[in-house]
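Here's the letter readout for the chains.
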Amino acid sequence: MAETRTQDAIALLKDDHRTVEKLFKQFEDAKGDGRKQKLAQQICMELTVHAKLEEEIFYPACEGKIEEDLLKEAFVEHDGAKVLIAEIEAADSESDEYFEAKVKVLQEQIEHHIEEEEKGSDSVFGQVRKADIELKALGEQMAARKQELIATYKADGLPRPELKTMIATEI
Ligand SMILES: [Fe+2]
């Protein structure tokens, strides 16, 4: 999607949320393994870019300015989602009997993520709006990085999950 206007950081991340919500809905309605597989791949790409933007740029900008617990939870939740994303990315919709279940559970996790970021004044975005954070500049930085990440992932495929908070298992 060509994006010419400048979005602030929150608008950009909310747009990402709407995009994946739509894709999950399309996945639910899709008929046929091929179509489902394609949508699942798209979901994995969108979420990998989104998580990377949040971890690399947005959350660090929030550090010290919003509740620390909330940020820590977000990092752990991202890691949980990355494990599922890697599974879905590698799965074959025809031969993996858990394929649809994995996408469904990922959807539920992402719905929770969206709620924690968006809903109410205590949410991540609610707190960020009250904090002293340059959302426009951050949005520009994130939009540029987003294009870079998409180009890289399209060329090289998605990276192995980079877990920040989980150390018990090697993936
Ligand atoms: Fe998010």
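Look a little higher up for the structure.
What this report covers is the structure whose coordinates are included nearby. Everything numeric in this text was worked out from a predicted model, so none of it was measured.

Section: the overall build of the protein chain
Then, in step 1: When helices and strands are counted, the protein chain shows 6 helices and 0 strands.
Then, in step 2: Along its sequence from the N terminus, the protein chain presents helices and strands in the succession α-α-α-α-α-α.
Then, in step 3: What you see for the protein chain is a C-alpha radius of gyration of 16 Å, in line with the 16 Å of a compact globule of 171 residues.
Then, in step 4: For the protein chain, the spread of C-alpha atoms along the three principal axes comes to 50 × 40 × 30 Å.
Then, in step 5: Out of the 171 residues in the protein chain, the part that is buried amounts to 42%.
Then, in step 6: Taking the intrachain contacts of the protein chain between residues at least 6 apart in sequence as the baseline, contacts between residues at least 24 apart amount to 74%.
Then, in step 7: When the accessible surface of the protein chain is totalled, it reaches about 9700 Å², and 50% of it is carbon and sulfur.
Then, in step 8: Of the side chains in the protein chain, 24 bear a positive and 40 a negative charge, and the two mean positions are spaced by 5 Å.

Overview of helix α3 (residues 68–90)
Then, in step 1: A rise of 1.5 Å per residue sets the reference length of α3, with its 23 residues, at 33 Å; its end C-alpha atoms lie 34 Å apart and thus fit the reference within 8%.
Then, in step 2: Looking at α3, one finds that the buried residues are L70, L71, A74, F75, H78, D79, A81, K82, L84, I85 and I88.
Then, in step 3: For α3, the secondary structure elements touched by its buried residues are α2 (33–62), α4 (99–118) and α5 (124–130).

Points about the side chain of E117
Then, in step 1: In this fold, E117 is placed in helix α4.
Then, in step 2: Although buried, E117 forms no salt bridge, and the nearest oppositely charged side chain, R18, lies 8.9 Å from it.

Some thoughts on the coordination of the iron ion
Then, in step 1: Each protein donor to the iron ion is listed here as H17 (NE2), H50 (NE2), E54 (OE), H113 (NE2) and E117 (OE); together their distances run 2.1 to 2.3 Å.
Then, in step 2: Mapped onto the polypeptide sequence, the residues donating to the iron ion form the spacing pattern H-x32-H-x3-E-x58-H-x3-E. Of this pair, E54 sits in helix α2 while H113 sits in helix α4, and the two are 59 residues apart along the sequence.
Then, in step 3: The buried category is assigned to E54, whose relative accessible area is 0%.

Digging into the nonpolar core
Then, in step 1: Grouped together as the largest cluster of nonpolar side chains are 26 residues, with contacts concentrated most on F58, V128 and M142.
Then, in step 2: Looking at this core, the elements with two or more residues in it are α1 (9–29), α2, α3, α5 and α6 (135–156).
Then, in step 3: If near-sequence neighbours (up to four positions away) are discounted, F58 is found in contact with A9, L13, L53, V124, F125, V128, L135, L138 and M142.
Then, in step 4: In this structure, V20, A40, V103 and I114 belong to the second largest nonpolar core, which totals 20 residues.

Observations concerning the packing of α1 against α2
Then, in step 1: With their axes 10 Å apart at the nearest point, α1 and α2 run at an angle of 160 degrees to one another. Our classification of the angle between α1 and α2 gives roughly antiparallel. The interaxial crossing formed by α1 with α2 has left-handed handedness. Contact with α1, carried on its side by A9, L12, L13, D16, H17, T19, V20, L23, F24, Q26, F27 and E28, involves R35, K36, L39, A40, Q42, I43, E46, L47, H50, L53, E54 and F58 of α2 and no other residues of that element.
Then, in step 2: Taken together, the residues of the contact of α1 with α2 break down into 13 nonpolar, 5 polar and 6 charged.

Quick notes on the rules
Residues numbered from 1 in each chain as written. Predicted model: local features only at pLDDT ≥ 70, side-chain atom pairs only at ≥ 80, totals over all residues. Heavy atoms only, no water. Helix = DSSP H or I, 4+ residues; strand = E, 2+ residues; numbered from the N terminus. Rg over C-alpha atoms; globule rule 2.2 N^0.38 Å. Buried < 20%, exposed > 50% of the residue type's maximum accessible area, 1.4 Å probe, protein only. Contact = heavy atoms within 4.5 Å. Areas by Shrake-Rupley, 256 points an atom, 1.4 Å probe, with all protein chains shown as cover. Lys, Arg positive; Asp, Glu negative; His and termini not counted. Charge placed at Lys NZ, Arg CZ, Asp CG, Glu CD. Expected span 1.5 Å × (residues − 1). Salt bridge = Lys/Arg side-chain N within 4 Å of Asp/Glu carboxyl O. Donors = N, O, S within 2.8 Å, 3.2 Å for Na, K, Ca; no water. Core = buried A, V, L, I, M, F, W, Y, C linked by side-chain atoms within 4.5 Å. Axes fitted to C-alpha atoms, helices over the stretch in contact; angles between N-to-C directions. Parallel < 35°, antiparallel > 145°, perpendicular 65-115°, else oblique. Left-handed = near helix turned anticlockwise from the far one by under 90°. Nonpolar A, V, L, I, M, F, W, Y, C, P; charged D, E, K, R; others polar.

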